[in-house]
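# Descriptive structure summary
Here are the chains, one letter per residue:
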Amino acid sequence: TGCAMCGACEKSCPQGVAVADVLRYGMYAQRGERDLAVAEYGSLAAAQTVAACDDCGACEKACPRSRPVRQELRAIHAALS
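A brief structural summary. (Residues numbered from 1 in each chain as written. Predicted model: local features only at pLDDT ≥ 70, side-chain atom pairs only at ≥ 80, totals over all residues. Heavy atoms only, no water.)

### Points about the pattern of salt bridges
- Evaluation of the coordinates by the stated rule reveals six salt bridges.
- Of the charged contacts in the structure, one is a salt bridge between Arg70 and Glu60, with a shortest N-O distance of 2.9 Å. Remark: Glu60 occurs in helix α4 (residues 58-62) and Arg70 occurs in helix α5 (residues 69-80); sequence separation between them is 10 residues.
- What makes Arg70 partly exposed here is its relative accessible area of 22%.
- The exposure class of Glu60 is partly exposed, given its relative accessible area of 24%.
- Salt bridges sharing common partners tie together Asp55, Glu60, Arg70 and Arg74. (Salt bridge = Lys/Arg side-chain N within 4 Å of Asp/Glu carboxyl O. Helix = DSSP H or I, 4+ residues; strand = E, 2+ residues; numbered from the N terminus. Buried < 20%, exposed > 50% of the residue type's maximum accessible area, 1.4 Å probe, protein only.)

### Comments concerning the layout of surface pockets
- Here the largest pocket defines a volume of roughly 190 Å³.
- Lining the largest pocket are Gly2, Cys3, Leu23, Gly26, Met27, Ala29, Gln30, Arg67, Glu72, Ala75, Ile76 and Ala79.
- The dominant element in the lining of the largest pocket, judged by the number of residues it contributes, is helix α2 (residues 19-30), at five residues. (1 Å grid on protein atoms, 1.4 Å probe; cavity = no way out; pocket = protein on both sides within 12 Å on 5 of 7 lines; lining within 4 Å. Points joined across faces, edges and corners; volume = space filled by probe spheres on them.)

### Some remarks on the packing of α2 against helix α3 (residues 34-42)
- α3 packs onto α2 with a crossing angle of 160 degrees between their chain directions and a minimal axis gap of 7 Å. Considering the angle they form, α2 stands roughly antiparallel to α3. Handedness of the α2/α3 crossing: left-handed. In this structure, α2 uses Val22, Tyr25, Tyr28 and Ala29 to contact α3, whose residues at the interface are Arg34, Leu36, Ala37, Glu40 and Tyr41.
- Of the residues contributing to the contact of α2 with α3, the split by class is seven nonpolar, no polar and two charged. (Axes fitted to C-alpha atoms, helices over the stretch in contact; angles between N-to-C directions. Parallel < 35°, antiparallel > 145°, perpendicular 65-115°, else oblique. Left-handed = near helix turned anticlockwise from the far one by under 90°. Contact = heavy atoms within 4.5 Å. Nonpolar A, V, L, I, M, F, W, Y, C, P; charged D, E, K, R; others polar.)

### Observations regarding the environment of Gly26
- Within the secondary structure layout, Gly26 lies in helix α2.
- By relative accessible area, which is 8% here, Gly26 ends up buried.
- Separated by 31 residues in the primary sequence, Gly26 and Gly57 place their C-alpha atoms 19 Å from one another.
- Excluding its chain neighbours within four sequence positions, the residues that come into contact with Gly26 are Ile76 and Leu80.

None of the figures reported here should be taken as evidence of function without further support.
So, in structure tokens, the structure goes:
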């Protein structure tokens, strides 16, 4: 199932990663809007990017759809950085 954009993951992140935003930018790239996705991801403060993630798993525990959030974040970071 897809992301519901409920924000539970982002609210749970102790590092302040903009989880929901990053997931949204990943969706932009998937639907062919790569330039927009790269620009939006690049506009985040360094502390909000996936580089700040400490892999604690709080985002996945908070996700009501049990998505592999950390795996998705790493893939999006690799694709858009």
